[in-house]
Amino acid sequence: METESEPYVRLATLRQVHRVVAELNTARSLADTLQTVADGIVNGLGYELSAVNLVRPDGDLVVAAVAGSASAEALMAGRVGSRVSWERRLAMGDQWGDLRFIPYTEGWVLDDDDVPQWHTAGPAPRFADEWHPMDRLFAPMYTAGPNGGELLGVISVDKPRNGRRPGAWGREALQMYASQAAIAISNARLRANMQRALVRLEREQQALRASEESFRQAFEYAPSGMAIAELGGDQHGRLHRTNDALCRLLGRSASQMRRYSFSDLVHPDDIGTLLRTSAEGGRAELRLARRDGTFVWVSLRNSVVADAADGPRFLLTHVEDIEERKRHELQLAHRASHDSLTGLPNAAELRARLGARLCGRPPGPAGSEPHPATGPYGPLDGFAEVESAAYGHGFGPDGGPDYAPDFPPDDYCAGHDAAHDAAYDHHHVHTIAPDAEDAESAGGDAAKGLAVLFCDLDGFKAINDRFGHHTGDAVLIEVARRLSGAVRDGDTVARLGGDEFVVLADGLAPADAEDLAARLRNAIIPPIRVDGRAVRVGASFGIGWAGCGMSADEVLHSADQRMYVEKRSRAKAGRRAG
């Protein structure tokens, strides 16, 4: 290049770069920006063909825009080249600053790789800097950052209009353009990401515009609750703005809402959940207070809106009413843990409540745990006589209950080390079965424990067989009602299955448990009217005592055995009420 022409070449090159770079800033979307980058190469930098290869999230590069040839666009647009193949290309050839030039004498090894390309064969160059159809020139684009940042994409160019390989200023212009194009693409991608985040946050099917007016309308008229809260400073957490939906949900006006923060409105049990969600963003389900003092279940979805210079500025919160869903969840949980006929806790819930009071290690000396056939008052009198009869009444031939639960018995100590046991004992209050001698000597509070009363209805099978299941069900419902009405508020009445019920009563002495069994039996005996007919059932009770070192099944087994001893010890006429 002639020396006297260099100033003119420089000026012309700078004008061209300035014009095409200015056009990059007019694009409204990421797709428009990519096409503008490709068009700028053809319209302003003197090449007949250009393509923009953009890095995808998986690392491969896709041809995102082509300019200068409709046939080349049809062949390459949308096709993907692997990251490995592109890195191979960028490591080959001549390094012109950030540009990579691969002459036709070296590029033939790339003809069969997976990178989309548009090249045709041609004769050998006639002079040193003549452009050959198989020459390749790439302009990598990097994000801003230390050491050049990450690879954003690659601009590939072909067919310079002057038929020559670019000189120093042509290379500089292409490199400058690639740098500005990387900034424009990064900005366009950032704008696209911000728009998608707003759409997800506000209404997934509603497109948000960038202007303040469109955001205001989306906020105010959103069908679910929306709030903006302060972050940092003296007013941290204070609600700055709420929409009509949130005001209606909580029964408060917008001016009243500005007096509060969510921590003022949240249920005391949910304050930890709120603080974690406010600090980390994300979702949470908690209860907020209405003006009338009731609480409503809501789903909070938080987004921290940050400023690049000053950090977090405010918290944008989406509030969705999930009261109905929570009600259904509670109903399902209740059905899973309660008997569908009587509404009492079922066998699984009974074992869970009983097991919660027990640990696997007895509080007394080793070896003091009673045998299942032995109670706190010594061997069960008459057990050997009724054991065989019990096989038909809830026990298998191995002496174990045939109402075994669906989950394994309590075995707290299995697999626990001594340090864990020590920590557990520090917080766990051991349940101790009262001792007979202690009961007689103390006669008061010292001999109290958790009584387990096992109830089996007498004469129920005859009623069920004679009058049908409808009458039997009605009897069970009435018995459940009478038992529930005869115990204290903190006691548990559960239906174990069939005509068997269990009562858990804590803080009773042996004499108190006997009195309770008598009261419950007397509550069951009165006639029960079903469809104008009076029927009567009796009840046999066995009293067991829960103690740490026993499993829930062992406690129930012990009470059940005592019930059969009591049932067998009374005459049949005495067991039935009539």
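None of the values given here were measured: they were computed from a predicted structure. (Residues numbered from 1 in each chain as written. Predicted model: local features only at pLDDT ≥ 70, side-chain atom pairs only at ≥ 80, totals over all residues. Heavy atoms only, no water.)

A.B. asks: How do you make sense of unusual backbone geometry when you look at a structure like this?
C.D. replies: One can expect most non-glycine residues to show negative phi and most peptide bonds to be in trans. Not every positive phi belongs to a glycine, and Lys159 is a case in point at roughly 60°. Note on placement: Lys159 falls in strand β7 (residues 151-160). The exposure class assigned to Lys159 is partly exposed, which follows from its relative accessible area of 35%. Backbone geometry at Asp531 places phi at a positive 55°, although glycine is not the residue there. (Helix = DSSP H or I, 4+ residues; strand = E, 2+ residues; numbered from the N terminus. Buried < 20%, exposed > 50% of the residue type's maximum accessible area, 1.4 Å probe, protein only.)

A.B. asks: I tried to follow the nonpolar core on my own but got confused; where do I start?
C.D. replies: The nonpolar side chains of a soluble globular protein tend to be buried with one another. Judged by nonpolar contacts, the single largest core of 34 residues is most densely connected at Leu137, Met141, Ile155, Leu174 and Tyr177. Elements represented by at least two residues in this core include exactly α1 (6-24), α2 (30-44), β1 (47-55), β2 (61-67), β5 (99-102), β6 (136-142), β7 and α6 (168-202). If we ignore the near neighbours within four places in the chain, the residues touching Met141 are Val52, Glu150, Leu151, Leu152, Gly153, Val154, Ile155, Ala178, Ala181, Ala182 and Ile185. Leu344, Ala480, Leu483 and Ile543 belong to the second largest nonpolar core, which has 31 residues in total. (Core = buried A, V, L, I, M, F, W, Y, C linked by side-chain atoms within 4.5 Å. Contact = heavy atoms within 4.5 Å.)

A.B. asks: Even after reading the chapter, I still don't get the pattern of salt bridges, so can you show me in this structure?
C.D. replies: Pairing of side chains with opposite charge becomes possible as their charged atoms draw close. In total, this model carries 28 salt bridges according to the counting rule given. A salt bridge links Arg327 to Glu323, with the nearest nitrogen and oxygen atoms 3.8 Å apart. In this pair, Arg327 and Glu323 are both assigned in helix α12 (residues 323-337), four residues apart and thus about one turn of the helix distant. One continuous salt-bridge network, built from bridges that share partners, spans Glu285, Arg325, Lys326 and Glu329. (Salt bridge = Lys/Arg side-chain N within 4 Å of Asp/Glu carboxyl O.)

A.B. asks: Would you take a moment to explain the environment of Ala474 for this structure?
C.D. replies: Looking at the element boundaries, Ala474 is found in helix α18 (residues 469-485). Accessibility expressed as a relative area gives 23% for Ala474, which makes it partly exposed. In the structure, Ala474 is positioned 133 residues away from Leu341 in sequence and 9.1 Å away in space, judged by C-alpha atoms.

A.B. asks: Would you take a moment to explain the packing of aromatic side chains for this structure?
C.D. replies: Between two aromatic rings, the relevant description is the distance of the centres plus the angle of the planes. Tallied over the entire structure, the rule returns three aromatic pairs. Geometrically, the ring pair formed by Trp86 and Phe138 is edge-to-face, given 5.4 Å between the ring centres and 75° between the ring planes. Of the two residues, Trp86 is situated in helix α4 (residues 83-90) and Phe138 in strand β6; the sequence distance between them amounts to 52 residues. Trp86 gets classed as buried once you look at its relative accessible area, which sits at 1%. Ring geometry for Phe101 versus Trp131: centroids 6.0 Å apart, planes at 55°, classification tilted. A residue pair is termed long-range when its members are at least 10 positions apart, and Phe101 in strand β5 and Trp131 in the loop between α5 (104-107) and β6 qualify at 30 residues. Exposure remark for Phe101: the relative accessible area of 1% places this residue in the buried category. Each residue in the set Trp96, Phe101 and Trp131 is aromatic and connected to the rest through ring pairs, giving one cluster. A cation over an aromatic ring shows up here: Arg89 above the ring of Trp86, its NZ or CZ 5.8 Å from the ring centre. (Phe/Tyr/Trp six-rings, centres within 6.5 Å; stacked < 30°, edge-to-face > 60°. Lys NZ or Arg CZ within 6 Å of the ring centre and 35° of its normal.)

A.B. asks: Can you help me understand the sheet that holds strand β20 (residues 538-546) in this one?
C.D. replies: Sheet strands pair by backbone hydrogen bonding; their relative direction is either parallel or antiparallel. In space, the four strands of this open sheet follow the order β16-β17-β15-β20, with antiparallel pairing throughout. The sheet is open, and its two borders are formed by β16 (492-497) and β20, each paired with just one other strand. Mean inter-strand twist for the sheet, computed between neighbouring axes without regard to direction, equals 25°. Relative to strand β17 (residues 500-508), strand β15 (residues 449-458) runs antiparallel, the two sharing seven bridges. Following the sheet pairing, Phe454 is matched in β17 by Val502. (Pairing = 2+ DSSP bridges. Axes fitted to C-alpha atoms, helices over the stretch in contact; angles between N-to-C directions.)

A.B. asks: It is not clear to me how the sheet that holds strand β4 (residues 94-96) should be interpreted in this structure. Could you clarify?
C.D. replies: Reading across from one edge, β3-β2-β1-β7-β6-β5-β4 is the order of the seven strands in this open sheet, with antiparallel pairing throughout. Only two strands of the sheet have a single neighbouring strand rather than two, namely β3 (80-81) and β4. As paired elements, β5 and β6 share three bridges and run antiparallel to each other. Along β6, the bridge assignment pairs Ile102 with Arg136.

A.B. asks: For this particular structure, what's the right way to read the packing of helix α13 (residues 347-356) against helix α20 (residues 552-569)?
C.D. replies: Each pair of packed helices can be described by the angle between their axes along with the distance between the axes. Interhelical geometry of α13 versus α20 gives an angle of 105° and a closest axis separation of 9 Å. Overall, the two elements α13 and α20 adopt an arrangement that is roughly perpendicular. For the pair formed by α13 and α20, the contact residues are Leu350, Arg351, Leu354 and Gly355 on the first element and Ala552, Asp553, Val555 and Leu556 on the second. Its residues placed into classes, the contact of α13 with α20 shows five nonpolar, one polar and two charged. (Parallel < 35°, antiparallel > 145°, perpendicular 65-115°, else oblique. Nonpolar A, V, L, I, M, F, W, Y, C, P; charged D, E, K, R; others polar.)

A.B. asks: I'm lost on helix α17 (residues 460-467) in this one. Help?
C.D. replies: Spacing of three or four residues puts side chains on the same side of an α-helix, whose turn is 3.6 residues. Among the residues making up α17, those that are buried are Phe460, Ile463 and Asn464. Around the axis of α17, the buried residues are gathered within 95° of arc, so they sit on the same side. Exposed residues lying more than 90 degrees from the buried face of α17 are Lys461, Asp465 and Arg466. Among the structural elements, β15, α18 and β19 (533-535) are those in contact with the buried residues of α17. (Arc of directions from axis to C-beta.)

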